[in-house]
Amino acid sequence: MPDTSFVRREMLAPQKPPAGQSGAVKWLRENLFSSPFNTILTIVGLWAVYSLVSGAAPWLLNGMWSPSSVDECREVLTNTLGEGATGACWGVVRTRWHQFMFGFYDQSAYWRPLLAFALLFVSLAPVLYFGLRSPSLMMVGGAGALLVLALWGVGTDSWHLALAFGVMVALAALAWVAPKRLLWVTLAFPATAYYLLWGGPVWGPIGVMVGFGVAYFVWHAAQVKIGVTPAAALGIALALVWWLMLQGKVTAVLAMAVPIELPAQSPDKFGGFLLSFIIGVSAISASLPLGILLALGRRSDMLLIKTLSVGFIEFVRGVPLITMLFTASLLLQYFLPPQTNFDLILRVIILVSLFASAYIAEVIRGGMASLPRGQQEAADALGLDYWQAQRLIIMPQALKVSIPGIVSSFISLFKDTTLVALVGLADPLVGITRIVRSDIYWKAAYWEPFVFVGAIFFIFCFSMSRYSMYLENKLKTDHR
Amino acid sequence: MAMISEAPKGDFRLSMLIYDTRYRSVTIQVIVLGLFILFVGWLLLNLQANLAAKDKDISFTFLWNRAGYDIGQQLIPYSSDDTHGRALFVGLLNTLVVAFFACIAATVIGVIAGVLRLSKNWLVGRLMTIYVEIFRNIPLLLWIILAFTVFSQAMPEAKDFKYTAEMVQQGIDPAHQKAIFGTTAFTNRGTFIPAPVVERPLGTITLLNVPISLTALAAIAILAASFWGNRRLLARAKAVQEETGLRPTIWWKSLLILLGPIVLFLLASGFHLDIPAFPTDENGVSKGFNFQGGINIGHSFMALFIALSIYHGTYVTEAVRAGILAISRGQTEAAFALGLRPNRTMSLIILPQALRVIIPPLISQYLNITKNTTLGMAISYLDLKGTLGGITLNQTGRELECMLLMMLIYLILSLTISLGMNIFNNSVKLKER
Amino acid sequence: MAKTAQMHVTDEVAIQITAMNKWYGQFHVLRDINMTVNRGERIVVCGPSGSGKSTLIRCINRLEEHQSGQIIVDGTELTSDLKNIDKVRSEVGMVFQHFNLFPHLTILENLTLAPIWVRKVPKREAVDTAMYFLEKVKIPEQASKYPGQLSGGQQQRVAIARSLCMRPRIMLFDEPTSALDPEMIKEVLDTMIELAEDGMTMICVTHEMGFAQAVANRVVFMDQGQIVEQNEPKEFFANPKSDRTKLFLSQILGH
């Protein structure tokens, strides 16, 4: 009879796996050569990498920064490396980078767009990290540090350098003392940015903001007495009265009395990435409130409101962006009162905002649909009315879920800003490149502008998409 | 103290317009409708005033006037003596043809790259990630113009393909050779590809001024019939399987039904490819200045097609990857545990579910491709935007009419594609409680 | 049934439902419901799934609309008048099966939100009330956490406290323990029992028959959208009259 009982007296020490099962060999075998098909794939992949690198590397490695024309660059290349050598002529970037970045903006005024750009991050801080002290401070501080570096880089005079530095230090102090108050910077940002970028008397932008202030305070004061919606209507009506009838006179008087103004920049000076950012940022921020309204309208029970929202959204999503741009440049004037005339950049911003709002509406609608039904029911059961429920319960959650979608909408919009070249604006890709290449010295610089502009787009879009992925992962784990 | 036996009182008060849920929504909608009508009325009044000021009217009769401009790429016969309406149609066809080929290419690229991106091969996976990140984080317009510049600046001249007498004597080849098994020549004057030619055509019919080849129609009809026959065959095989439990071997029958008729038809009609080439003398020395035969495709088409396919291919890649990842490992494991073999698992369990996830974003990419063909404007591709919204608009000065008509056409295209997507979505929607 | 319909509304009556009917499209979910709930009464509604019990209590704060008949809550008739709906909702608390806490707000914010925005209570007072009720449901230390960081039982107790912060005169419970793990059911039931002992008017849809026996004044049994039987708990469990009731009780008490 076999003995079935067994007792181990000595425990076995762990041993190494058989050779070939660990380290680099194992990794190679598992990841590159696990099957004949995989081996073929690896070889094809290696060949692709080799041909890409061997094609592009000499051109990049032989790149010349100093020559200030393509001919000179070619000559230097031929002299140093022999006949037929290829190499990039980065001189075009060295001599013309400011046009790619700022278009034809006055060089002495580069501090204005840069300051506006830094303020953009300051005003994003309270939206992204509402009321949290250290991330807000880090964002403001980081923006300030980069701003000072950039200002120094473009050779700003010390007076404006000090001014910008002072503003950023003050804002950083505000972020430290009362991070929630930064929201005021956010609210004032549209007017501030407009004033910095376009210049002119300070009273125009302030007047426009006063209109919003009037609308808000009337709404706030009247909503208890006459209800939310009528109060909003009254507020908007009074704001319209201010804008259309009073603002012009009041600001004119103020501009005479207290002449605070920056030198005005004419619209045709805007170009390059400056233009792309202006259009992208203002269109996406204008499209957010519109998109929220459209999303609410699309989910409404009221047939008419739903039909109008769906009709608008589907129309806009059904036509190419270019048709919207041409509407801005050719058609808009037909539908506005005669003699209305404002500059093409603003018209483009309006139409691009309408375009983006349809896409944002769909993103937000998706976010709203992802909330459980119980949230609306609980809000109802507690007695919250429609707007309270949307504002306090539904929207905060829906917007949070939609942030990745909003960021990707922004990325596509930012890429699409290059299309404004087709209506004659100087975008960095086509417009500025065409102007740079019209210079006799850079006529043959075909590839360098593509690489330069493409690299900048890549850096922005790639980092934004990574950021939105990070947010998405964070949202998955947050409070759930 | 009140008795509560009677029904609610029916008298109507004005405040009920706001506070009664039955009337409230009507009130709001009436107000919104009023505001909307006011707004539209304001726009129309402005329009009227502006038109009057410019001494213009709205009329579409220009569509029947002589166009007076040439279009390089025309799928139907067109000359500058034809009408603007026909130019519009030529442009629309150009839009559709580049969108069609770009959709197919983007799908092929996307499916391959999407699957490879998930492969266990580290190198290939990384390469595909790099492809996706590079191409979709840089504006499409850059890729279109870059491709166009490559075609017009970096491609060899046609004469570089020629065999000169010395070359033939010394037995050396010219600087450039035709690509893709010697069928296609990329030159700086366009891309020459083989042309399909039939020696015994069935003739053409003309429909609405558009000549349509009967041979092509017949070929399409034969293909459709073959597909239908194949479906019948598969259905029969399924019936047999359900009856007896054994699936008959049908792959060769299927192949025969699919390929047999069309091959026979092509042979009968004398189909062959006309490969572009230089005419040569008896020694093999090339004559002439350019390729003869084949089809010359313009740079703008090639650039637009390649850029659209590669750019939108990245989005298809992501859709395919997401679709495959969306199916939980549990599904595969459950199928394996039931004893299904890997290929059956793929075809019965994974693919049907993955397609459900992949197809909606895929179709929305088709929509985007169709809309983005308008970017061809930057490289003078004469699509709908280039003809109706470009030259016609500039020549006639009828901005309003051209833009509205163009928007309408794009809208119809988009809505047709969305409609297709909705039908598909409804047909595959998971039946859930 | 006719007897209840003729009862006079007094201050003692909290909810009066008369000849109420409701349809979902063609489907008749609630059929001729007549029910009176007196102030301080604690009613347990039970019945097989799909019998309309949840729909019934959701009609009482008009999360669902009834199509005929009459519902009077605290002397206010529920019609399509928004003012009445608002009034009823602010006086009737409701606890849901899936808690429906607001995940983006802290526990304290969940509790103070409705008092601040609906009742227009000053914030300080709202916070005091919230802390009082959090102590009552025995989790004051969780006030600054988010709902997702709490266990199911704790979340449901927060949901109860959230309703109580509105100082409701009536509480509705829609299967408050069905989504909970067994070990957490007791903590929620204890809270509810405590609430009952304080004299709150409660209507509770639940399958917890132990709870029914311990605190209910009356058990209402529903099937196919109608009230089949109602009685004192002792009598109801010991001596069910209807065959449907007997079948139901044997199914849920059988093991």
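Here the structure is shown first, and the text comes after it.
Draft legend 1. Fine view of helix 11 (residues 272-298) of chain A. Residues and elements named next belong to chain A. Here helix 11 spans 37 Å end to end across 27 residues, near enough to the 39 Å set by a 1.5 Å rise per residue. Roughly 35 degrees is the biggest bend found in helix 11, and it falls at leucine 288, with proline proline 289 one to four residues downstream. In terms of burial, helix 11 is largely enclosed, as 19 of its 27 residues are buried.

Draft legend 2. Spotlight on the interface of chain B and chain A. If you look at the interface, chain B gives 52 residues, while chain A gives 50 residues. Summed over both partners, the interface of chain B with chain A comes to about 4900 Å²; 75% of that surface belongs to carbon and sulfur atoms. The tally of links between chain B and chain A comes to one salt bridge. Glutamate 133 of chain B is paired through a salt bridge with arginine 466 of chain A; the nearest N and O atoms lie 2.7 Å apart. At the junction of chain B and chain A, the tally comes to 18 residue pairs in polar contact (both at pLDDT 80 or more).

Draft legend 3. Main features of the state of the cysteines. Residue and element names in this part refer to chain C. Here the structure, examined in full by the defined rule, presents one disulfide over all chains. Cysteine cysteine 204 is unpaired, with the sulfur of cysteine 46 as its nearest cysteine sulfur at 11 Å. Under the relative-accessibility criterion, cysteine 204 is labelled buried at 1%.

Draft legend 4. Geometry of the nonpolar core. Residues Phe270 and Val348 of chain A together with Ile15, Ile17, Val73 and Ile203 of chain C are the most contacted members of the largest nonpolar core, which totals 214 residues. For this core, the element with the most residues is helix 14 (residues 344-369) of chain A, which contributes 13 residues. Residues within four places of isoleucine 203 of chain C in sequence aside, it is in contact with Ile15, Met35, Val37, Ile43, Val45, Ile57, Ile60, Met171, Leu172 and Phe173 of chain C. Ranked by size, the runner-up nonpolar core spans 44 residues in total, among them Val44, Cys46, Ala143 and Ala161 of chain C.

Draft legend 5. Here's a closer look at the sheet that holds strand 6 (residues 92-95) of chain C. Residue and element names in this part refer to chain C. In spatial order, the strands read 6-7-8-3-9-10; together these six strands make up an open sheet with mixed pairing. Strand pairing shows two members of the sheet lacking a second neighbour, strand 6 and strand 10 (226-231), which therefore form its edges. Going from strand to strand, the sheet's axes swing by 20 degrees on average, the running direction of each strand aside. Across four bridges, strand 3 (residues 42-46) lies against strand 8 (residues 201-205) in parallel orientation. Across the sheet, residue valine 44 finds its bridge partner in strand 8, namely cysteine 204. Against the sheet, helix 2 (residues 53-60) touches strand 3, strand 6, strand 7 (170-174), strand 8 and strand 9 (218-223), its axis set at about 150 degrees to strand 7. Together, strand 6 and strand 7 form the strand contacts of helix 3 (residues 82-91), whose direction differs from that of strand 6 by roughly 60 degrees.

What counts as what
- Residues numbered from 1 in each chain as written.
- Chains lettered and ligands numbered in written order.
- Predicted model: local features only at pLDDT ≥ 70, side-chain atom pairs only at ≥ 80, totals over all residues.
- Heavy atoms only, no water.
- Helix = DSSP H or I, 4+ residues; strand = E, 2+ residues; numbered from the N terminus.
- Expected span 1.5 Å × (residues − 1).
- Bend = angle between axes of the 7 residues up to and from the residue.
- Buried < 20%, exposed > 50% of the residue type's maximum accessible area, 1.4 Å probe, protein only.
- Contact = heavy atoms within 4.5 Å.
- Buried area = accessible area lost by both parts, 1.4 Å probe.
- Salt bridge = Lys/Arg side-chain N within 4 Å of Asp/Glu carboxyl O.
- Polar contact = N/O pair within 3.5 Å; in protein donor to acceptor, adjacent residues only side chain to side chain.
- Disulfide = S-S within 2.5 Å.
- Core = buried A, V, L, I, M, F, W, Y, C linked by side-chain atoms within 4.5 Å.
- Pairing = 2+ DSSP bridges.
- Axes fitted to C-alpha atoms, helices over the stretch in contact; angles between N-to-C directions.

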